[in-house]
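# Secondary and tertiary structure notes
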Amino acid sequence: MLKMHNIRKSYRTDTIETHALRDFSLEVNEGEFVSVTGPSGSGKTTFLNIAGMLETPTGGEYLLDGDNVSHLNDRQRSRLRNEKIGFIFQGFNLIPDLNLFDNIDVPLRYRGFNSKERRRRIEKVLEQVGLSARAKHLPSQLSGGQQQRVAIARALAGEPRFLLADEPTGNLDSLMARQVMELLEFINEWGTTIVMVTHDPDLARRAHRNIQIVDGQVSDLQRAVAAAEAATA
Amino acid sequence: MLELKPMLSALWRNKISAMLIALQLALTLAIVSNASIIVQDRIEKMARPTGMPVEDLIAVTFQPIAQDYDMHGAVLADLDLLRSIPGVVDATHTNQIPVSGSGSASVFHNQPNQEIGGEVSNYYETGPHFIQTLGMNLVAGRNFTPADMQVVQPNEDSRTRVAIITRQMADALYPDGNALGKSFYNSNGTDPVEIVGIVERHLGAWVSWSKAGNVIFFPRLVETNFKRYMVRAEPGRRDEVLKAVEKQLAERDPQRVMHIETLAERLERSYMSDNVMVKVLSAVVTLLTFIVALGIVGLTVFWINQRRKQIGVRRALGATRLNISRYFLVENTLIAITGVALGMAGAQIANHFMVSSYSQPALSLPVLLVCALILVSVSLAAALVPALRAANISPATATRSV
Ligand SMILES: Nc1ncnc2c1ncn2[C@@H]1O[C@H](COP(=O)(O)OP(=O)(O)O)[C@@H](O)[C@H]1O
Ligand SMILES: [Mg+2]
């Protein structure tokens with residue numbers, strides 16, 4: 001599904017050059033639920049941004065569904081983001097001026113669905129996240145957990161195969177965090193591949209696989225374990 | 001798809017700033033459209049034909065110093081002299097200088113013994129050379145002959161029997177046409193004056209007069225203590241002729257005070273206030289449009305900065321750069337159209353007031369629509385650069401900024 005090989009990403013400001021990712025290689029298979037952990041500043045968000053084509057790598061190779069996406073233009077990348085990828089952010093990132101219905105509608109309009117199809121999908125995902133009754137509410141009228149569920153609904157409405165979540169529970173208390181996690185697990189069971197960055201070790205453990213990023217690379221320890229597993233297999 | 005509905009509801013939540021810009025546009029349209037018709041009206045007014053080759057004409061006014069001056073003799077001698085100057089087409093005496101702002105007028109009737117009604121007309125006392133000198137076009141009848149001329153003292157009751165009038169005046173006196181050969185009368189007058197000739201047009205003394213163009217010429221020389229001449233030069237020789245006229249008139253008779261100027265200068269002075277009006281209003285229109293454009297640039301930049309995060313999120317959710325730019329341009333157009341719609345109503349109300357209180361020209365729909373269209377375009381142009389720059393906001397803004 002996702003395959004990164006020797007990805008590099010560096011940020012250059014006037015004075016310093018930060019290597020956010022260095023020789024970063026990783027594979028995620030269809031249907032997997034992968035959690036990503038690591039210290040702050042280690043490159044987790046950078047990895048997600050490149051995976052979701054929000055940023056382009058400085059070097060290396062990134063294949064999404066077997067296609068090299070490095071050479072796509074902005075329109076093609078936007079299209080791929082819209083069709084294949086769902087995003088969930090730590091800060092929910094709902095559009096404050098739009099009610100829940102219209103928020104979920106945003107990616108569907110970019111997709112070009114007609115209004116009937118959009119309504120069908122919006123109603124379906126709102127029901128999945130248990131917020132059908134709130135369709136006309138503004139984000140500010142909801143709790144953080146509810147907002148994150150709307151954000152998940154928005155990410156799901158386009159039926160993406162790949163869900164990227166950057167600390168989706170970071171702003172939630174533990175009860176709400178658990179609810180969101182359960183929702184993600186449920187979604188994954190229906191076949192959506194999920195990569196989730198988290199700081200919460202309990203949540204990280206619930207994923208099929210945990211990747212630790214340290215200093216812009218998948219940690220050596222994990223690579224050693226992976227190598228050992230490969231050897232015994 | 002233009003996502004109008006969610007856009008409108010987002011706008012509704014920011015209605016104060018949106019309404020402020022819309023109102024600014026409305027006010028601008030009301031002012032700009034009314035100013036435009038005044039400018040247009042004044043430009044048309046200044047572009048009216050005078051009926052004369054203004055650029056070739058020179059006006060002379062003189063006053064002798066001596067008390068018992070032979071005015072008639074001086075006029076004949078001066079005119080002979082003027083016509084002999086190389087480059088002069090013709091010269092005539094006249095009691096007033098056309099388009100100068102000073103002249104005489106009276107009411108005339110198409111029947112004797114009338115007291116009310118009639119038609120007011122500017123009139124000149126001049127001679128057989130005036131058609132040729134003023135470059136006018138005689139469209140019917142004949143010119144004055146020397147026999148038509150009357151030379152009278154200022155207090156003498158003169159009975160001028162013939163006149164040449166402009167076609168406009170002819171149509172006013174005789175709306176059915178056929179004014180030639182017919183007569184007109186002074187108020188309460190019984191002595192007929194026969195219309196022996198009709199000239200195509202002459203603007204007359206006062207360019208801003210509502211009846212400008214109503215002009216009558218009488219073949220008469222009143223021996224007042226000052227006199228005026230009009231001199232017509234061959235095209236392109238006016239300035240050279242002006243110097244010669246000045247020199248030779250002074251040489252022939254140095255004992256008089258003389259003032260010589262081109263008719264173009266007189267005309268420019270007569271249109272001075274119109275000219276100032278055009279310039280001031282054009283400046284106001286330009287400035288206002290510029291200010292409203294700045295306001296729109298400012299608001300668009302402000303809104304885009306306020307919504308950086310949201311733009312990043314939209315990009316992450318699949319918006320192309322074009323989607324982002326278009327969003328802001330469409331939003332801007334919605335505000336502009338609202339403003340312009342309000343402005344059209346406002347312009348009509350303002351114009352109603354201008355027409356009734358200041359007798360300004362009425363606002364026509366085409367002018368209003370053109371002004372509205374220009375303002376919408378200015379608004380779009382003002383939003384264009386910020387909107388294009390908004391498309392450069394990185395999709396990573398969605399995950400990076402807080
Ligand atoms: N736009 C940027 N410009 C400069 N440096 C950046 C930028 N984005 C991230 N970085 C740097 O890259 C490194 C990795 O950042 P990030 O991927 O956000 O880490 P994490 O998500 O693991 O906390 C950090 O050192 C961060 O400061
Ligand atoms: Mg991060």
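As the structure is a computational prediction, the values presented were derived from the model and not from experiment. (Residues numbered from 1 in each chain as written. Chains lettered and ligands numbered in written order. Predicted model: local features only at pLDDT ≥ 70, side-chain atom pairs only at ≥ 80, totals over all residues. Heavy atoms only, no water.)

### A closer look at the domain arrangement of chain B
Selection criterion: The split of the chain into domains comes from an automatic or database domain assignment.
When the domains of chain B are assigned, the result is domain 1 (4-47 + 272-399) and domain 2 (66-254). Taking the mean C-alpha position of each, domain 1 of chain B and domain 2 of chain B sit 54 Å from one another.

### Digging into unusual backbone geometry
Residue and element names in this part refer to chain A. Selection criterion: Strands here are runs of E lasting at least two residues and helices are runs of H or I lasting at least four, both read from the DSSP assignment and numbered beginning at the N terminus. Here's how the labels work: a residue is buried when its accessible area is under 20% of the maximum for its type, exposed when over 50%, partly exposed in between, all with a 1.4 Å probe on protein chains only.
A positive phi is found at Met53, a non-glycine position, where the angle reads about 60°. As for its placement among the helices and strands, Met53 is situated in the loop between helix H1 (44-51) and strand E4 (59-64). Despite not being glycine, Asn93 shows a phi value in the positive range, around 60°. For Asn93, a relative accessible area of 7% translates into the label buried.

### Here we look at the interface of chain B and chain A
Note the cut-off: The criterion used for residue contact is that any of the two residues' heavy atoms lie within 4.5 Å. Buried area: the accessible area, evaluated with a 1.4 Å probe, that two parts lose upon being put together, summed over both parts. By salt bridge we mean one thing: a side-chain nitrogen of Lys or Arg within 4 Å of a carboxyl oxygen of Asp or Glu. Counted as a polar contact is a pair of N or O atoms within 3.5 Å, where, for protein atoms, one must be capable of donating a hydrogen and the other of accepting one, and residues adjacent in sequence contribute only when both atoms are in side chains.
Taken residue by residue, the interface counts 26 residues in chain B and 26 residues in chain A. Where chain B abuts chain A, roughly 2,500 Å² becomes buried across the two surfaces, and 56% of that area is made up of carbon and sulfur atoms. It is B:Leu317, B:Thr399 and B:Arg400 in chain B that bury the most area against chain A; as a group they hold 25% of the surface buried on that side. Our enumeration of links across chain B and chain A arrives at three salt bridges. Here A:Asp102 makes a salt bridge to B:Lys5, at a shortest N to O gap of 3.4 Å. Where chain B packs against chain A, one counts 15 residue pairs in polar contact (both at pLDDT 80 or more).

### Observations concerning helix H7 (residues 263-270) of chain B
Residues and elements named next belong to chain B. We count it as follows: Directions drawn from the helix axis to the C-beta atoms are what define this arc.
Listed in full, the buried residues belonging to H7 are Leu263, Ala264, Arg266, Leu267 and Ser270. Buried residues of H7, viewed axially, fall in a sector of 160°; they line one side. Contacts from the buried residues of H7 go to strand E1 (57-64), strand E11 (227-233), helix H6 (238-252), strand E12 (256-262) and helix H8 (272-306).

### Here we look at the nonpolar core
Applicable threshold: In these notes, a set of buried Ala, Val, Leu, Ile, Met, Phe, Trp, Tyr and Cys residues joined through side-chain atoms within 4.5 Å is what counts as a nonpolar core.
Counting 84 residues, the largest nonpolar core has A:Met4, A:Phe24, A:Phe47, A:Tyr62, A:Phe162 and A:Val195 as its most contacted members. When residues in this core are grouped by element, the largest group, 11 residues, is from helix H2 (residues 15-47) of chain B. Beyond its immediate stretch of four places on either side in the chain, A:Phe47 contacts A:Met4, A:Leu21, A:Phe24, A:Leu26, A:Val36, A:Val195 and A:Ile213. Within the second largest apolar cluster, 35 residues are counted, among which are A:Ile122, A:Val129, A:Ala155 and A:Met196.

### Considering the site of ligand 1
Note the following rule: When we say a residue is near a molecule or strand, we mean one of its heavy atoms is within 4 Å of it. Every accessible area reported is derived by Shrake-Rupley at a probe size of 1.4 Å, with residue values counting cover from the shown protein chains alone. All amino acids are sorted into three groups, where Ala, Val, Leu, Ile, Met, Phe, Trp, Tyr, Cys and Pro are nonpolar, Asp, Glu, Lys and Arg are charged, and the leftover types, Gly among them, are polar.
All residues in the neighbourhood of ligand 1 are listed as A:Tyr11, A:Thr18, A:Ala20, A:Pro39, A:Ser40, A:Gly41, A:Ser42, A:Gly43, A:Lys44, A:Thr45, A:Thr46 and B:Arg400. Within the backbone of A:Lys44, an N or O atom sits 2.9 Å from an oxygen atom of ligand 1. When ligand 1 sits alone it has 560 Å² of accessible area, and the protein chains cover 66% of it. Secondary-structure elements contributing two or more residues to the shell around ligand 1 are strand E2 (17-28) and H1 of chain A. Among the elements that make up the shell around ligand 1, the one with the highest residue count is H1(A) (three residues). For the shell around ligand 1, the per-class residue count stands at three nonpolar, seven polar and two charged.

### Details of a nonpolar patch on the surface
All names here are of chain B. Where we set the bar: Patch membership needs two things, relative accessible area over 30% and no salt bridge, and members are linked within 9 Å if like-charged or within 5 Å if nonpolar (Val, Leu, Ile, Met, Phe, Trp, Tyr).
Together, Leu27, Ile31, Met272, Val276, Val280 and Val284 give the surface a local cluster of nonpolar side chains, amounting to about 500 Å² of exposed area. At the level of secondary structure, the elements contributing two or more residues to the nonpolar patch comprise H2 and H8. Residue placement: Ile31 occurs in helix H2.

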